[in-house]
Amino acid sequence: MPKKRLVVFTGAGISAESGIKTFRDAGGLWEEYNIEDVATFEAWVKNRDLVLEFYNQRRRQVMAAKPNAAHFFIAELEKEFDVQVVTQNIDDLHERAGSTKVLHLHGEIMKARSTVDPELVYQLEANDLKNGDLCIKGSQLRPHIVWFGEMVPEMDTANALAAEAELFVVIGTSLNVYPAAGILNFVFPKVPKWLVDPGDFSLDYIRSLKHIKSSAVNGVIKLKDELFAHL
């Protein structure tokens, strides 16, 4: 008997419990930087060295972080379900916890890509990305990140995955960041849905959604029994 298709949509809240801060923690500041100065294409044109150093710092932070119990819980679900993770996060904590199918909507901090050919993507390992690091076509490498104001190239793929879900879980996101938050609109109304997040939400318009008002690590404990009831 085939495993049920479970889509898990994750946001900053799950990584926050591994010590990775988000720009929303400080009213538009991200680790003391204004978003407009480090996370837009305009910032890249204006001050490339600053943008590179900012993401080098974020990369070091991610390498020092470790997956938490919620990441491991999602990976363990693959034993019973056909699990597809769709994440807004740019870290690699899902992969390091053992999840095998992870779609990153906003890019990956551990990778760089060509500025002339977005198909040329390179793994960075533990190395900093520096001014003068070039792709094979001779252009500067940039962080493999979707900056504010840029299109989200994987959004259509994510929406298609949501439309195929038989179970749908949201963990650690306020559902305020679009277009990513619109993914729920593609899940069929009768599909069981859960939201694990400590925030207050008015989501009565989304049918078959249960809100587990808790942090990611604590919330997945409550989620486990409910998910396994659908095996």
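Below, the structure is looked at part by part. Just so we're clear, the structure is a prediction, and the values are computed from it rather than from any experiment.

Right, let's talk about the sheet that holds strand E6 (residues 107-114) for a bit. Taken in spatial order, the 3 strands of this open sheet run E7-E6-E8, and their pairing is antiparallel. Each of the sheet's edge strands pairs with one partner strand only, and the pair in question is strand E7 (121-123) and strand E8 (141-145). Each neighbouring strand pair of the sheet contributes to a mean axis angle of 45°, computed without reference to strand direction. Pairing of E6 with E8, which is carried by 4 bridges, proceeds in the antiparallel orientation. Within E8, the position partnered with Gly-107 by the bridge is Ile-145. In this fold helix H4 (residues 48-64) packs onto E6 and E8, with an angle of close to 140° to the strand it touches most, E6.

Turning next to the packing of aromatic side chains. Counted according to the given criterion, the structure contains 4 aromatic pairs. Taken together, a centroid distance of 4.9 Å and an interplanar angle of 85° make the contact between Phe-54 and Tyr-55 edge-to-face. There is no split in this pair, since Phe-54 and Tyr-55 are both buried. Here a set of aromatic residues connected by ring pairs shows up, and it is made of Tyr-33, Phe-54 and Tyr-55. One cation-aromatic arrangement involves Arg-58 over Phe-54; the distance from NZ or CZ to the ring centre is 4.6 Å. Between the NZ or CZ atom of Lys-224 and the centre of the ring of Phe-228, over which it lies, the distance is 5.9 Å.

Moving on, we get to the sheet that holds strand E1 (residues 5-10). The 6 strands lie next to each other as E5-E4-E1-E9-E10-E11, forming an open sheet whose pairing is parallel. Strands with a single pairing partner mark the edges of an open sheet, and in this sheet they are strand E5 (102-104) and strand E11 (209-212). Sheet twist, expressed as the average angle between the axes of neighbouring strands with direction ignored, equals 15°. Sheet analysis places strand E9 (residues 167-171) next to strand E10 (residues 193-196), joined by 4 bridges and oriented parallel. Across the sheet, Ile-171 pairs through a bridge with Val-196, a residue of E10.

Scoring rules and cut-offs
- Residues numbered from 1 in each chain as written.
- Predicted model: local features only at pLDDT ≥ 70, side-chain atom pairs only at ≥ 80, totals over all residues.
- Heavy atoms only, no water.
- Pairing = 2+ DSSP bridges.
- Helix = DSSP H or I, 4+ residues; strand = E, 2+ residues; numbered from the N terminus.
- Axes fitted to C-alpha atoms, helices over the stretch in contact; angles between N-to-C directions.
- Contact = heavy atoms within 4.5 Å.
- Phe/Tyr/Trp six-rings, centres within 6.5 Å; stacked < 30°, edge-to-face > 60°.
- Buried < 20%, exposed > 50% of the residue type's maximum accessible area, 1.4 Å probe, protein only.
- Lys NZ or Arg CZ within 6 Å of the ring centre and 35° of its normal.

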